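Structure at a glance
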Amino acid sequence: MLKYSSITLTPHMLVGTDHCAFNSTQKAFGIDDFRKIPNGVNGIEERMHLVWDTMVESGQISVTDYVRITSTECARIFNIYPRKGAILVGSDADIIILNPNSSFGISATSHHSRSDTNVYDGRRGKGKVEVTISRGRVVWENGQLNVAPGSGKYIEMPPFGYLFDGIDKVDSNYLSSLRAPVKRSKATS
């Protein structure tokens, strides 16, 4: 476990997003009843920049920690490491080239989501992904996405990764504790 000034990194810490972006019309469904507001915000496009700016630039984590919590640990938890999340012979890692000296600005008018809102609108920071390489092809460069529709590849995620190691023993101990006899003492009168 690593301890920084305001954050403790555990071995299984990771950064991710459910990227559930609804537009302003959809969010307005809850104008009279907040329970009807669709849950979720954008985040997939902004994630790598924001983690770099918030955590690495501030000195709370190292560059190595950044790679681990944004890539390696995600692949391990999804049980696809080292196929993903590692740069090794036989791996299929996507690679980003992040310029730590470049700055970024986030805007609902310039992001690549079809949503007309952005929870990070107006946020500026330092550290920008300038190139992304996927399966040996440059798919993001100079602010342009260069992929053909349907070129994505399904990645099967086998169940029961390393996080499940030992879970049978824990379950067994818990279940046997439920069957433990109840010990009662005689009431005193």
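Cut-offs used in this document
Residues numbered from 1 in each chain as written. Predicted model: local features only at pLDDT ≥ 70, side-chain atom pairs only at ≥ 80, totals over all residues. Heavy atoms only, no water. Buried < 20%, exposed > 50% of the residue type's maximum accessible area, 1.4 Å probe, protein only. Helix = DSSP H or I, 4+ residues; strand = E, 2+ residues; numbered from the N terminus. Contact = heavy atoms within 4.5 Å. Polar contact = N/O pair within 3.5 Å; in protein donor to acceptor, adjacent residues only side chain to side chain. Phe/Tyr/Trp six-rings, centres within 6.5 Å; stacked < 30°, edge-to-face > 60°. Lys NZ or Arg CZ within 6 Å of the ring centre and 35° of its normal. Pairing = 2+ DSSP bridges. Axes fitted to C-alpha atoms, helices over the stretch in contact; angles between N-to-C directions. Patch = residues over 30% accessible without salt bridge, like charges linked within 9 Å, V, L, I, M, F, W, Y side chains within 5 Å. Areas by Shrake-Rupley, 256 points an atom, 1.4 Å probe, with all protein chains shown as cover. Salt bridge = Lys/Arg side-chain N within 4 Å of Asp/Glu carboxyl O. Lys, Arg positive; Asp, Glu negative; His and termini not counted. Charge placed at Lys NZ, Arg CZ, Asp CG, Glu CD. pLDDT = per-residue confidence, 0-100.

1. A few points about helix 2 (residues 47–56)
Counting buried positions over the 10 residues of helix 2 gives nine, a clear majority of the element. Within helix 2, the full set of buried residues consists of Arg 47, Met 48, His 49, Leu 50, Val 51, Trp 52, Asp 53, Met 55 and Val 56. On its buried face, helix 2 sits against helix 3 (63–77), strand 3 (95–105) and strand 4 (124–134).

2. A closer look at the side chain of His 111
In this fold, His 111 is placed in the loop between strand 3 and strand 4. For His 111, a relative accessible area of 10% gives the class buried. There is a polar contact of 3.3 Å between the side chain of His 111 and the backbone oxygen of Ala 108.

3. Overview of the packing of aromatic side chains
On inspection of all chains with the given rule, the structure shows two aromatic pairs. With a centroid separation of 5.1 Å and 85° between ring planes, the pair formed by Trp 52 and Tyr 66 is classed as edge-to-face. Residue Trp 52 is found in helix 2, and its partner Tyr 66 is found in helix 3; the two are separated by 14 residues along the sequence. Judged by centre distance (5.3 Å) and plane angle (85°), the rings of Phe 160 and Phe 164 are edge-to-face. In this structure, Arg 76 is placed above the aromatic ring of Tyr 162, and the distance from its NZ or CZ to the ring centre is 4.0 Å.

4. With respect to the sheet that holds strand 4
The antiparallel open sheet is built from four strands, whose spatial order is 3-4-5-6. Every interior strand has two partners, whereas the edge strands, strand 3 and strand 6 (144–145), have only one. Pairing analysis gives four bridges linking strand 4 to strand 5 (residues 137–141), with the strands arranged antiparallel. Looking across to strand 5, one finds that Val 131 is bridged to Glu 141. Sheet strands in contact with helix 2 are strand 3 and strand 4, and its direction is about 135° off that of strand 4.

5. Re a positive patch on the surface
Together, Arg 83, Arg 135, Arg 137 and Lys 153 make up a positively charged patch on the protein surface. You can see Arg 83 is positioned in the loop between helix 3 and strand 3. Using a relative accessible area of 35% as the deciding quantity, one classes Arg 83 as partly exposed.

6. Description of the environment of Asp 53
Within the element layout of this structure, Asp 53 appears in helix 2. Judged by its relative accessible area of 16%, Asp 53 falls in the buried class. Distance from Asp 53 to Ser 103, taken between C-alpha atoms, is 9.3 Å for residues 50 residues apart in sequence. At 2.8 Å, the side chain of Asp 53 and the side chain of Arg 123 are in polar contact.

7. As for the pattern of salt bridges
Enumeration over the complete set of coordinates arrives at six salt bridges. With its nearest N and O atoms 2.9 Å apart, the salt bridge here joins Arg 35 to Asp 33. Take Arg 35: its relative accessible area is 65%, and that puts it in the exposed class. With its nearest N and O atoms 3.6 Å apart, the salt bridge here joins Asp 94 to Lys 84. With Asp 94 in the loop between helix 3 and strand 3 and Lys 84 in the loop between helix 3 and strand 3, this pair connects stretches of sequence that are 10 residues apart. Overall, the relative accessible area of 44% leaves Asp 94 in the partly exposed class. Through salt bridges with shared partners, one network takes in Lys 84, Asp 92 and Asp 94.

8. Let's talk about the confidence of the model for the chain
Looking at the chain as a whole, its pLDDT mean stands at 85, while 89% of the residues score no less than 70. At the low end of the mean pLDDT range in the chain sits strand 1 (residues 2–3), at 42; at the high end sits strand 3, at 96. Within the model, pLDDT remains below 50 along residues 1–7, and this stretch shows 19 contacts once partners closer than five positions in the same chain are excluded.

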